[in-house]
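Close look at the chain arrangement
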Amino acid sequence: MVNSSNRKPLQENPKFQWRFISPKYWITWSGIGFLYLLSWLPFRVQLVLGKWLGNLLHVLLKRRRYIADKNLQLCFPNMDEKERSQLVKVNFQNTGIAMFESGIAWWWPSWRFKSKFKLIGQEHIEQPRKSGKGALVLFSHILPLEIMGRVMSEYKPYVGFYRPHNNPVIEWVQYCGRCRNQNLMISKRDVKSLLKALSDGEACVYLPDHDYGKKRSVFVPFFAVNDASTTTGTEIFASHKNAVTVPTYMQRLPGTQGYELEFLPQLSNYPDSNSRTNAVIVNNWVEQSVLKNKEQYMWVHRRFKTRPDDNAKPLY
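Conventions and cut-offs
- Residues numbered from 1 in each chain as written.
- Predicted model: local features only at pLDDT ≥ 70, side-chain atom pairs only at ≥ 80, totals over all residues.
- Heavy atoms only, no water.
- Helix = DSSP H or I, 4+ residues; strand = E, 2+ residues; numbered from the N terminus.
- Rg over C-alpha atoms; globule rule 2.2 N^0.38 Å.
- Buried < 20%, exposed > 50% of the residue type's maximum accessible area, 1.4 Å probe, protein only.
- Salt bridge = Lys/Arg side-chain N within 4 Å of Asp/Glu carboxyl O.
- UniProt positions renumbered as here; feature names shortened; annotations may be inferred.
- Lys, Arg positive; Asp, Glu negative; His and termini not counted.
- Contact = heavy atoms within 4.5 Å.
- Pairing = 2+ DSSP bridges.
- Polar contact = N/O pair within 3.5 Å; in protein donor to acceptor, adjacent residues only side chain to side chain.
- Core = buried A, V, L, I, M, F, W, Y, C linked by side-chain atoms within 4.5 Å.

1. Description of the overall build of the protein
On a plain count of helices and strands, the protein comes out with 11 helices and nine strands. In terms of overall dimensions, the protein is globule-like: its C-alpha atoms have a radius of gyration of 20 Å, near the 20 Å expected for 316 residues. Along the longest, intermediate and shortest principal axes, the C-alpha atoms of the protein span 50 × 45 × 40 Å. Burial analysis of the protein (316 residues in total) assigns 53% to the buried set.

Put into C-alpha coordinates, the structure is as follows:
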(Lines give C-alpha, C1' and ligand atoms only; values in the text may rest on other atoms or scores of the structure.)
Protein backbone atom coordinates (compact mmCIF):
# COMPACT_ATOMS: atom_id res chain seq x y z
CA MET A 1 0.00 0.00 0.00
CA VAL A 2 1.27 3.43 -0.89
CA ASN A 3 2.50 5.85 1.74
CA SER A 4 -0.34 8.35 2.26
CA SER A 5 2.14 11.15 2.92
CA ASN A 6 3.47 10.79 -0.64
CA ARG A 7 0.13 10.74 -2.44
CA LYS A 8 0.03 12.82 -5.62
CA PRO A 9 -3.03 13.76 -7.70
CA LEU A 10 -3.77 11.33 -10.52
CA GLN A 11 -5.39 14.03 -12.62
CA GLU A 12 -5.60 17.83 -12.70
CA ASN A 13 -7.67 18.97 -9.73
CA PRO A 14 -10.53 21.48 -10.11
CA LYS A 15 -9.21 24.90 -9.15
CA PHE A 16 -10.96 27.92 -7.72
CA GLN A 17 -11.51 30.51 -10.47
CA TRP A 18 -12.31 34.15 -10.00
CA ARG A 19 -15.27 33.79 -12.34
CA PHE A 20 -16.92 31.74 -9.58
CA ILE A 21 -17.72 34.98 -7.69
CA SER A 22 -19.62 36.48 -10.64
CA PRO A 23 -23.39 37.07 -10.24
CA LYS A 24 -24.03 33.95 -12.33
CA TYR A 25 -23.07 31.80 -9.34
CA TRP A 26 -24.49 33.85 -6.46
CA ILE A 27 -27.49 31.57 -6.04
CA THR A 28 -25.20 28.56 -6.02
CA TRP A 29 -22.99 30.13 -3.35
CA SER A 30 -26.06 31.05 -1.28
CA GLY A 31 -27.16 27.42 -1.31
CA ILE A 32 -23.68 26.18 -0.41
CA GLY A 33 -23.34 28.72 2.38
CA PHE A 34 -26.75 27.80 3.80
CA LEU A 35 -25.84 24.10 3.73
CA TYR A 36 -22.56 24.89 5.51
CA LEU A 37 -24.37 26.72 8.30
CA LEU A 38 -26.93 23.94 8.65
CA SER A 39 -24.13 21.36 8.89
CA TRP A 40 -23.20 22.76 12.32
CA LEU A 41 -26.60 22.11 13.80
CA PRO A 42 -26.94 19.15 16.19
CA PHE A 43 -27.13 15.84 14.36
CA ARG A 44 -30.62 15.12 15.68
CA VAL A 45 -31.91 18.43 14.34
CA GLN A 46 -30.40 17.76 10.90
CA LEU A 47 -32.18 14.40 10.73
CA VAL A 48 -35.52 16.05 11.53
CA LEU A 49 -34.98 18.84 8.99
CA GLY A 50 -33.90 16.26 6.41
CA LYS A 51 -37.13 14.33 6.83
CA TRP A 52 -39.15 17.53 6.46
CA LEU A 53 -37.24 18.38 3.31
CA GLY A 54 -37.81 14.86 2.00
CA ASN A 55 -41.55 15.17 2.59
CA LEU A 56 -41.52 18.42 0.62
CA LEU A 57 -39.56 16.82 -2.23
CA HIS A 58 -42.04 13.94 -2.25
CA VAL A 59 -44.79 16.45 -3.02
CA LEU A 60 -42.87 18.63 -5.48
CA LEU A 61 -40.78 16.13 -7.49
CA LYS A 62 -43.55 14.21 -9.18
CA ARG A 63 -41.31 12.82 -11.91
CA ARG A 64 -38.78 11.45 -9.42
CA ARG A 65 -41.60 10.06 -7.29
CA TYR A 66 -42.91 8.25 -10.34
CA ILE A 67 -39.44 6.83 -11.16
CA ALA A 68 -38.97 5.53 -7.61
CA ASP A 69 -42.41 3.92 -7.67
CA LYS A 70 -41.77 2.38 -11.09
CA ASN A 71 -38.42 0.95 -9.99
CA LEU A 72 -40.07 -0.70 -7.01
CA GLN A 73 -42.84 -2.09 -9.22
CA LEU A 74 -40.27 -3.60 -11.55
CA CYS A 75 -38.01 -4.98 -8.83
CA PHE A 76 -40.71 -6.18 -6.45
CA PRO A 77 -43.82 -7.00 -8.51
CA ASN A 78 -45.47 -8.75 -5.55
CA MET A 79 -45.27 -5.68 -3.31
CA ASP A 80 -48.76 -4.23 -2.83
CA GLU A 81 -49.48 -0.62 -3.76
CA LYS A 82 -49.90 0.60 -0.17
CA GLU A 83 -46.55 -0.83 0.93
CA ARG A 84 -44.84 0.54 -2.18
CA SER A 85 -46.33 4.00 -1.67
CA GLN A 86 -45.15 4.09 1.94
CA LEU A 87 -41.67 2.90 0.93
CA VAL A 88 -41.42 5.68 -1.67
CA LYS A 89 -42.37 8.28 0.94
CA VAL A 90 -39.79 7.01 3.44
CA ASN A 91 -37.23 6.84 0.62
CA PHE A 92 -37.81 10.53 -0.10
CA GLN A 93 -37.36 11.32 3.58
CA ASN A 94 -34.01 9.57 3.40
CA THR A 95 -33.23 11.56 0.26
CA GLY A 96 -33.82 14.78 2.18
CA ILE A 97 -31.52 13.60 4.97
CA ALA A 98 -28.88 12.74 2.37
CA MET A 99 -28.71 16.39 1.32
CA PHE A 100 -27.80 17.37 4.87
CA GLU A 101 -25.32 14.49 4.98
CA SER A 102 -23.31 16.10 2.19
CA GLY A 103 -22.56 19.01 4.53
CA ILE A 104 -21.66 16.62 7.34
CA ALA A 105 -19.33 14.61 5.10
CA TRP A 106 -17.60 17.64 3.57
CA TRP A 107 -17.22 19.93 6.59
CA TRP A 108 -17.46 18.15 9.92
CA PRO A 109 -14.07 17.95 11.68
CA SER A 110 -12.78 14.45 12.39
CA TRP A 111 -13.27 14.76 16.17
CA ARG A 112 -16.99 15.27 15.63
CA PHE A 113 -17.43 12.84 12.76
CA LYS A 114 -15.66 9.91 14.42
CA SER A 115 -18.29 9.78 17.14
CA LYS A 116 -20.94 8.91 14.53
CA PHE A 117 -19.66 5.82 12.76
CA LYS A 118 -18.31 2.36 13.29
CA LEU A 119 -16.39 -0.03 11.05
CA ILE A 120 -16.78 -3.79 10.72
CA GLY A 121 -14.67 -6.30 8.84
CA GLN A 122 -11.49 -4.25 8.44
CA GLU A 123 -9.55 -7.49 8.06
CA HIS A 124 -11.01 -7.94 4.58
CA ILE A 125 -9.39 -4.75 3.32
CA GLU A 126 -6.24 -5.13 5.40
CA GLN A 127 -5.40 -8.43 3.72
CA PRO A 128 -4.66 -6.95 0.27
CA ARG A 129 -2.71 -4.11 1.90
CA LYS A 130 -0.41 -6.55 3.66
CA SER A 131 0.25 -8.40 0.40
CA GLY A 132 0.93 -5.18 -1.52
CA LYS A 133 -2.22 -5.41 -3.65
CA GLY A 134 -4.74 -2.78 -4.53
CA ALA A 135 -8.33 -3.13 -3.32
CA LEU A 136 -11.25 -2.53 -5.67
CA VAL A 137 -13.79 -1.47 -3.04
CA LEU A 138 -17.37 -1.78 -4.28
CA PHE A 139 -19.89 0.80 -3.03
CA SER A 140 -23.57 0.81 -3.99
CA HIS A 141 -25.69 3.90 -4.56
CA ILE A 142 -27.15 4.22 -1.10
CA LEU A 143 -28.47 7.61 -0.07
CA PRO A 144 -25.82 8.24 2.65
CA LEU A 145 -23.20 7.88 -0.09
CA GLU A 146 -21.24 11.01 0.80
CA ILE A 147 -21.07 9.79 4.40
CA MET A 148 -19.89 6.39 3.17
CA GLY A 149 -16.93 7.99 1.41
CA ARG A 150 -16.08 10.06 4.49
CA VAL A 151 -16.23 7.00 6.76
CA MET A 152 -13.90 5.18 4.38
CA SER A 153 -11.46 8.10 4.38
CA GLU A 154 -11.36 8.27 8.18
CA TYR A 155 -10.07 4.70 8.10
CA LYS A 156 -7.90 4.80 4.99
CA PRO A 157 -7.30 7.32 2.16
CA TYR A 158 -8.86 6.08 -1.05
CA VAL A 159 -9.11 6.82 -4.76
CA GLY A 160 -12.65 7.61 -5.91
CA PHE A 161 -14.05 7.11 -9.42
CA TYR A 162 -16.80 9.69 -9.96
CA ARG A 163 -18.76 11.85 -12.41
CA PRO A 164 -17.80 15.55 -12.15
CA HIS A 165 -20.69 17.93 -11.49
CA ASN A 166 -21.88 20.10 -14.38
CA ASN A 167 -21.87 23.23 -12.20
CA PRO A 168 -18.18 24.20 -11.81
CA VAL A 169 -18.70 25.81 -8.39
CA ILE A 170 -20.46 22.77 -6.96
CA GLU A 171 -17.81 20.57 -8.59
CA TRP A 172 -15.01 22.52 -6.87
CA VAL A 173 -16.75 22.45 -3.48
CA GLN A 174 -17.65 18.75 -3.61
CA TYR A 175 -14.19 17.84 -4.91
CA CYS A 176 -12.55 19.63 -1.98
CA GLY A 177 -14.98 17.97 0.42
CA ARG A 178 -14.40 14.50 -0.97
CA CYS A 179 -10.61 14.92 -0.93
CA ARG A 180 -10.42 15.32 2.83
CA ASN A 181 -7.90 13.04 4.52
CA GLN A 182 -5.74 12.88 1.36
CA ASN A 183 -8.31 11.11 -0.82
CA LEU A 184 -7.81 11.31 -4.57
CA MET A 185 -10.63 11.62 -7.10
CA ILE A 186 -10.66 10.46 -10.74
CA SER A 187 -13.16 11.32 -13.46
CA LYS A 188 -15.17 8.30 -14.56
CA ARG A 189 -13.63 8.57 -18.04
CA ASP A 190 -10.07 8.23 -16.75
CA VAL A 191 -9.80 4.43 -16.71
CA LYS A 192 -6.00 4.43 -17.03
CA SER A 193 -5.53 6.41 -13.80
CA LEU A 194 -7.68 3.99 -11.81
CA LEU A 195 -5.72 1.03 -13.17
CA LYS A 196 -2.51 2.83 -12.21
CA ALA A 197 -3.86 3.38 -8.71
CA LEU A 198 -4.54 -0.34 -8.35
CA SER A 199 -0.99 -1.02 -9.54
CA ASP A 200 0.25 1.30 -6.81
CA GLY A 201 -1.66 -0.65 -4.15
CA GLU A 202 -4.39 1.93 -3.56
CA ALA A 203 -7.88 1.29 -2.21
CA CYS A 204 -10.10 2.34 -5.14
CA VAL A 205 -13.82 2.97 -4.72
CA TYR A 206 -16.11 1.94 -7.61
CA LEU A 207 -19.92 1.98 -7.89
CA PRO A 208 -21.21 -0.65 -10.36
CA ASP A 209 -24.96 -0.57 -9.73
CA HIS A 210 -26.32 2.21 -11.98
CA ASP A 211 -27.36 2.06 -15.61
CA TYR A 212 -24.38 3.47 -17.56
CA GLY A 213 -25.77 2.74 -21.04
CA LYS A 214 -25.00 -0.01 -23.54
CA LYS A 215 -21.28 0.62 -23.91
CA ARG A 216 -19.27 -1.90 -21.85
CA SER A 217 -22.48 -3.44 -20.47
CA VAL A 218 -24.37 -6.73 -20.52
CA PHE A 219 -28.03 -7.40 -19.82
CA VAL A 220 -28.54 -9.68 -16.82
CA PRO A 221 -31.13 -10.03 -14.02
CA PHE A 222 -31.48 -7.46 -11.28
CA PHE A 223 -34.26 -8.42 -8.88
CA ALA A 224 -37.32 -9.21 -11.05
CA VAL A 225 -35.98 -7.43 -14.15
CA ASN A 226 -34.34 -10.08 -16.32
CA ASP A 227 -32.48 -7.73 -18.65
CA ALA A 228 -30.98 -4.89 -16.60
CA SER A 229 -28.08 -3.07 -18.24
CA THR A 230 -25.09 -3.84 -16.00
CA THR A 231 -21.61 -2.41 -16.47
CA THR A 232 -18.68 -4.67 -17.27
CA GLY A 233 -16.35 -1.99 -15.92
CA THR A 234 -16.21 -3.84 -12.61
CA GLU A 235 -14.57 -6.88 -14.18
CA ILE A 236 -12.14 -4.70 -16.13
CA PHE A 237 -10.74 -3.27 -12.92
CA ALA A 238 -11.10 -6.51 -10.95
CA SER A 239 -9.11 -8.34 -13.64
CA HIS A 240 -6.05 -6.23 -12.86
CA LYS A 241 -3.30 -8.56 -11.67
CA ASN A 242 -2.74 -6.41 -8.58
CA ALA A 243 -6.41 -6.04 -7.61
CA VAL A 244 -8.57 -7.76 -5.00
CA THR A 245 -12.33 -7.05 -5.05
CA VAL A 246 -13.87 -6.09 -1.69
CA PRO A 247 -17.65 -5.44 -1.55
CA THR A 248 -19.16 -3.37 1.26
CA TYR A 249 -22.40 -2.72 3.09
CA MET A 250 -23.33 0.66 4.53
CA GLN A 251 -26.34 1.93 6.45
CA ARG A 252 -27.58 4.85 8.48
CA LEU A 253 -28.38 3.40 11.88
CA PRO A 254 -31.70 4.06 13.66
CA GLY A 255 -32.19 7.28 15.58
CA THR A 256 -29.03 9.29 16.16
CA GLN A 257 -26.65 6.31 16.37
CA GLY A 258 -24.88 7.38 13.18
CA TYR A 259 -23.51 5.09 10.48
CA GLU A 260 -22.01 1.66 9.97
CA LEU A 261 -19.65 0.60 7.19
CA GLU A 262 -18.92 -3.10 6.78
CA PHE A 263 -16.18 -4.52 4.56
CA LEU A 264 -17.37 -7.89 3.31
CA PRO A 265 -15.22 -10.91 2.39
CA GLN A 266 -13.46 -10.62 -0.96
CA LEU A 267 -15.47 -11.91 -3.90
CA SER A 268 -14.35 -15.47 -4.56
CA ASN A 269 -13.88 -16.80 -8.09
CA TYR A 270 -14.27 -13.28 -9.41
CA PRO A 271 -13.84 -12.25 -12.10
CA ASP A 272 -14.79 -15.25 -14.22
CA SER A 273 -13.99 -15.51 -17.91
CA ASN A 274 -17.68 -14.89 -18.69
CA SER A 275 -18.86 -11.26 -18.51
CA ARG A 276 -22.48 -12.24 -17.88
CA THR A 277 -21.48 -14.43 -14.95
CA ASN A 278 -19.43 -11.59 -13.51
CA ALA A 279 -22.32 -9.13 -13.85
CA VAL A 280 -24.68 -11.56 -12.12
CA ILE A 281 -22.25 -11.91 -9.20
CA VAL A 282 -22.07 -8.15 -8.75
CA ASN A 283 -25.85 -7.72 -9.06
CA ASN A 284 -26.39 -10.44 -6.45
CA TRP A 285 -24.21 -8.49 -4.03
CA VAL A 286 -26.16 -5.28 -4.76
CA GLU A 287 -29.47 -7.10 -4.23
CA GLN A 288 -28.35 -8.44 -0.85
CA SER A 289 -27.27 -4.96 0.20
CA VAL A 290 -30.56 -3.39 -0.91
CA LEU A 291 -32.70 -6.00 0.84
CA LYS A 292 -31.06 -5.18 4.16
CA ASN A 293 -32.32 -1.60 3.94
CA LYS A 294 -34.57 -0.85 0.95
CA GLU A 295 -35.58 2.61 2.17
CA GLN A 296 -32.00 3.91 1.93
CA TYR A 297 -31.31 2.90 -1.67
CA MET A 298 -31.31 5.47 -4.49
CA TRP A 299 -34.59 4.46 -6.14
CA VAL A 300 -35.06 7.84 -7.88
CA HIS A 301 -32.43 6.90 -10.49
CA ARG A 302 -33.72 5.41 -13.78
CA ARG A 303 -32.01 2.08 -13.22
CA PHE A 304 -33.62 0.45 -16.27
CA LYS A 305 -33.51 3.26 -18.83
CA THR A 306 -31.32 1.28 -21.28
CA ARG A 307 -33.11 -1.60 -22.98
CA PRO A 308 -31.64 -4.46 -25.06
CA ASP A 309 -33.85 -3.45 -27.97
CA ASP A 310 -33.53 0.23 -28.91
CA ASN A 311 -37.01 0.11 -30.42
CA ALA A 312 -38.66 -1.30 -27.30
CA LYS A 313 -41.09 0.84 -25.35
CA PRO A 314 -39.27 2.67 -22.51
CA LEU A 315 -40.06 1.39 -19.04
CA TYR A 316 -40.46 4.93 -17.68
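2. Considerations on the pattern of salt bridges
Under the defined criterion, the tally for this structure stands at 10 salt bridges. Arg252 is paired through a salt bridge with Glu101; the nearest N and O atoms lie 2.6 Å apart. Placement of the pair is Arg252 in strand E8 (residues 243-252) and Glu101 in helix H4 (residues 81-107), with a sequence separation of 151 residues. Exposure remark for Glu101: the relative accessible area of 2% places this residue in the buried category. Measuring nitrogen to oxygen at the nearest pair gives 2.9 Å for the salt bridge that ties Lys196 to Asp200.

3. Some thoughts on the UniProt feature "short sequence motif: HXXXXD motif" (unreviewed entry) in the protein
Mapped onto this numbering, the UniProt entry annotates "short sequence motif: HXXXXD motif" (unreviewed entry) at residues 141-146. For residues 141-146, the end-to-end C-alpha separation is 10 Å, with 33% helix and 0% strand making up the annotated structure.

4. Section: the side chain of Lys116
Turning to its location among the elements, Lys116 is positioned in the loop between helix H5 (110-113) and strand E1 (117-120). It turns out Lys116 is buried and unbridged, and the closest side chain with the opposite charge, Glu101, is 11 Å from it. Here Lys116 is in contact with Phe43, Trp108, Thr256, Gln257, Gly258 and Tyr259, once residues within four sequence places are set aside.

5. What to know about the pairing of strand E6 (residues 217-222)
Within E6, five of the six residues are buried, which leaves the element mostly enclosed by the surrounding structure. Pairing between E6 and strand E7 (residues 225-231): five bridges, direction antiparallel. Each bridged residue has a counterpart across the sheet, and for Val220 the counterpart in E7 is Ala228. Connecting E6 to the next strand, E7, in antiparallel fashion are two residues, including Phe223 with a positive phi near 55°.

6. Focus on helix H8 (residues 168-178)
Within H8, burial applies to Val169, Glu171, Val173, Gln174, Tyr175, Gly177 and Arg178. Summarising the contacts, the buried residues of H8 are in contact with helix H1 (26-38), H4, helix H7 (145-155), strand E3 (159-162) and strand E4 (184-187). With a side-chain oxygen lying 2.9 Å from the backbone nitrogen of Val169, the N-terminal cap of H8 falls on Asn167.

7. Let's talk about the UniProt feature "transmembrane region" (unreviewed entry) in the protein
Here, UniProt's "transmembrane region" (unreviewed entry) annotation points to residues 25-43. With 74% helix and 0% strand, the stretch residues 25-43 has end C-alpha atoms that lie 29 Å from each other.

8. Focus: unusual backbone geometry
The omega angle of the peptide bond from Tyr270 to Pro271 is 0°, so this bond is cis rather than trans. Along the chain, the position of Pro271 falls in the loop between strand E9 (259-263) and helix H11 (275-292). Even without a glycine there, the phi angle at Gln182 is positive, about 70°. The residue Gln182 is located in the loop between H8 and E4 in this model. Residues other than glycine seldom take positive phi values, yet Asn269 does so here, at roughly 55°. Residue position: Asn269 is located in the loop between E9 and H11.

9. Thoughts on the nonpolar core
Most often, soluble globular proteins keep nonpolar side chains buried together rather than apart. If you look at the biggest cluster of nonpolar residues, it comprises 41 residues, and the most contacted ones within it are Phe222, Trp299 and Phe304. Considering every element that reaches this core, the biggest residue donor is helix H3 (residues 62-75), with five residues. Apart from the residues within four sequence positions on either side, Phe304 is in contact with Asn71, Leu74, Cys75, Asp211, Phe222, Val225, Ala228, Leu315 and Tyr316. Formed by 39 residues, the second largest nonpolar core is a distinct cluster that contains Phe113, Phe117, Ile142 and Met148.

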